[in-house]
Every structure is written in structure tokens, then in C-alpha cells.
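Residues per chain, in single letters:
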Amino acid sequence: NLIGNMVLYNKDQRTLRPSGGKNYVDTAIKYIENNYFKKITISEICSAICIERSYLCRLFKKYTGLSPQQYMIDYRMNLAKELLSSQRYSVSQVAVMVGYEDRIAFSKLFRKHFAVSPKNYCTKLNEE
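The rules behind these values
Residues numbered from 1 in each chain as written. Predicted model: local features only at pLDDT ≥ 70, side-chain atom pairs only at ≥ 80, totals over all residues. Heavy atoms only, no water. Axes fitted to C-alpha atoms, helices over the stretch in contact; angles between N-to-C directions. Helix = DSSP H or I, 4+ residues; strand = E, 2+ residues; numbered from the N terminus. Parallel < 35°, antiparallel > 145°, perpendicular 65-115°, else oblique. Left-handed = near helix turned anticlockwise from the far one by under 90°. Contact = heavy atoms within 4.5 Å. Nonpolar A, V, L, I, M, F, W, Y, C, P; charged D, E, K, R; others polar. Phe/Tyr/Trp six-rings, centres within 6.5 Å; stacked < 30°, edge-to-face > 60°. Lys NZ or Arg CZ within 6 Å of the ring centre and 35° of its normal.

Draft legend 1. Representation of the packing of helix H5 (residues 68-85) against helix H8 (residues 118-127) within the structure. Viewed as axis vectors pointing N to C, H5 and H8 meet at an angle of 40°, and their least axial separation amounts to 10 Å. By the criterion of interaxial angle, the relationship of H5 to H8 is oblique. Of the two elements, H5 crosses H8, and the hand of that crossing is right-handed. Between H5, through Lys81, Leu84 and Ser85, and H8, the contact on the second element is made entirely by Pro118, Tyr121, Cys122 and Leu125. Its residues assigned to classes, the contact of H5 with H8 shows five nonpolar, one polar and one charged.

Following this line, the structure appears as C-alpha cells:
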């Protein structure tokens, strides 16, 4: 009976405790938000939060609908769009500010993400 009560207690604790998976995803997101300007890898994120890569990928997909890599790209591209909208920085400066040393690679990702090159995006802003 004591063992039965322990099992019930543990079962109740699991249902009351917030999901560990969601906590890992939230922590990974915070890591991305705090380090997006660096050249970070998914493996680095996993090491920082002590989780296996495949498990983090599954959790990310479950809670965000995206892979960690796609989330990081989306985060960087949306920030880049905001920075370009301010019209205070060049495309090269924005690329570096959001973690891309290679302006061409940044431009390709931006174009893929928003269907317009960063340069053309800036030109459209200036025309408005």
C-alpha cells in the first residue's frame, strides 16, 4: 500500500509540475534572444542548457512548430527587418548586428524570408 501511495504521489506531482519540455524550449529561446548576434550553433545551445540535440529539436517542433534553427533564423530576420526599417544602418551593419559576418549569405536569407532583398526593402522604405 505504501508503494501504491508513492506511485499516486509521483503521478500527482507530474501533473502539477510545469512541463519540463516547455521549460527547455523557453530556456533555449532565451539563449537565442541573448546571443543572436553571435555565431551560435544548435549544439552550443544544447550544451548550455544540458539537453540532447535530437530531444531539443523534437520539443521545439512540438511547442513552436519550428526547428531550433528555423526559429533562430526567423528571430534574426525579423530583427533585421526592424533594424533596416529604422533606416539608421546599412545592410552590412545589420547583417553583423544579427549574427551574419557574410553580407551575401545574410542577403540571400533575407530575400528567402521576405521575398525581397534587404537593399530593395530599404529602397521601398525610402520611396514611402
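Now that the structure has been shown, we can carry on.
Draft legend 2. Seen up close, the packing of aromatic side chains. Tallied over the entire structure, the rule returns eight aromatic pairs. A ring pair is formed by Phe110 and Phe114, whose centres lie 4.8 Å apart and whose planes are at 55°; its orientation type is tilted. Of this pair, Phe110 and Phe114 both sit in helix H7 (residues 103-114), four residues apart, which is roughly one turn of the helix. Ring pairing ties together the aromatic residues Tyr100, Phe106, Phe110, Phe114 and Tyr121, which thus form one cluster. Over the aromatic face of Tyr100 sits the side chain of Arg76, whose NZ or CZ is 5.1 Å from the ring centroid.

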